[in-house]
Amino acid sequence: MDEIKISSVFMRETIAAILQKAIRKRGYEVDLNLDQIYVDYSDDEMHIQLELDVEITGDELWRLVFG
C-alpha cells in the first residue's frame with residue numbers, strides 16, 4: 001500500500017479551488033479551506049482523507065444535506 005500526503009500550500013489551494021468550483025456549479029455557495037490531504041492506495045482501492053474547513057450558511061447546509 002502506498003501513501004501520499006499533500007501539504008504544500010499551492011497544491012491544497014488548487015485542489016480546494018477545484019472542489020469549491022464543482023460544489024458551486026451545483027448551486028451551493030460555500031468557501032473551502034483545505035488543511036491536509038492523505039491518500040492511501042493499493043492495486044484496486046483508494047482511501048482519501050480530507051481535513052477541511054467549510055464556511056456555509058445554515059440554509060445552504062440544509063439544502064446541501066437534504067436536497
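Overview of the structure. (Residues numbered from 1 in each chain as written. Predicted model: local features only at pLDDT ≥ 70, side-chain atom pairs only at ≥ 80, totals over all residues. Heavy atoms only, no water.)

## Concerning the sheet that holds strand 1 (residues 2-6)
As a reminder, the rule being used: For two strands to count as paired, DSSP must find a minimum of two bridges between them. Helix and strand labels come from DSSP, where a helix needs a run of H or I of at least four residues and a strand needs a run of E of at least two; each type is numbered from the N terminus. All axes here are fitted lines through C-alpha atoms, helices being fitted over the stretch that makes contact, and every angle between N-to-C directions spans 0 to 180 degrees. By the convention used here, residues are in contact when the closest approach between their heavy atoms is within 4.5 Å.
Strand order in this open sheet of three strands is 1-2-3, and the pairing throughout is antiparallel. Each edge of the sheet is formed by a strand with only one pairing partner; in this case those strands are strand 1 and strand 3 (46-55). On average, each strand axis in the sheet is tilted by 15 degrees relative to the strand beside it, whichever way the strands run. Relative to strand 3, strand 2 (residues 31-41) is paired through 10 bridges, and the arrangement is antiparallel. Looking at strand 3, one finds that Asp31 is bridged to Glu55. Strand contacts of helix 1 (residues 9-25): strand 1, strand 2 and strand 3, with the helix running at about 110 degrees to strand 2, the strand carrying the most contacts.

## A few points about the pattern of salt bridges
So the rule is basically this: The rule for a salt bridge is simple: a side-chain nitrogen of Lys or Arg has to be within 4 Å of a carboxyl oxygen of Asp or Glu. Here the term buried applies to any residue with accessible area under 20% of the maximum for its type, exposed to any over 50%, and partly exposed to those in between, with areas from a 1.4 Å probe on protein chains only.
Counting across every chain of the model gives three salt bridges. Across the salt bridge formed by Arg24 and Glu29, the nearest N and O atoms sit 3.8 Å from each other. Take Arg24: its relative accessible area is 33%, and that puts it in the partly exposed class. For Glu29, a relative accessible area of 51% corresponds to the exposed category. For the salt bridge of Asp31 with Arg24, the shortest nitrogen-to-oxygen distance reads 2.8 Å.

## Here's the deal with a nonpolar patch on the surface
We count it as follows: Patch building starts from residues that exceed 30% relative accessible area and form no salt bridge, then joins like charges within 9 Å and nonpolar side chains (Val, Leu, Ile, Met, Phe, Trp, Tyr) within 5 Å. Accessible areas in this description were obtained via Shrake-Rupley with a 1.4 Å probe; residue shielding takes into account the shown protein chains only.
A contiguous nonpolar surface patch, about 500 Å² in accessible area, is contributed by Leu19, Met46, Ile48, Leu50, Leu52 and Val54. With five residues, strand 3 is the largest single contributor of residues to the nonpolar patch. Here Met46 is to be found in strand 3. Take Met46: its relative accessible area is 57%, and that puts it in the exposed class.

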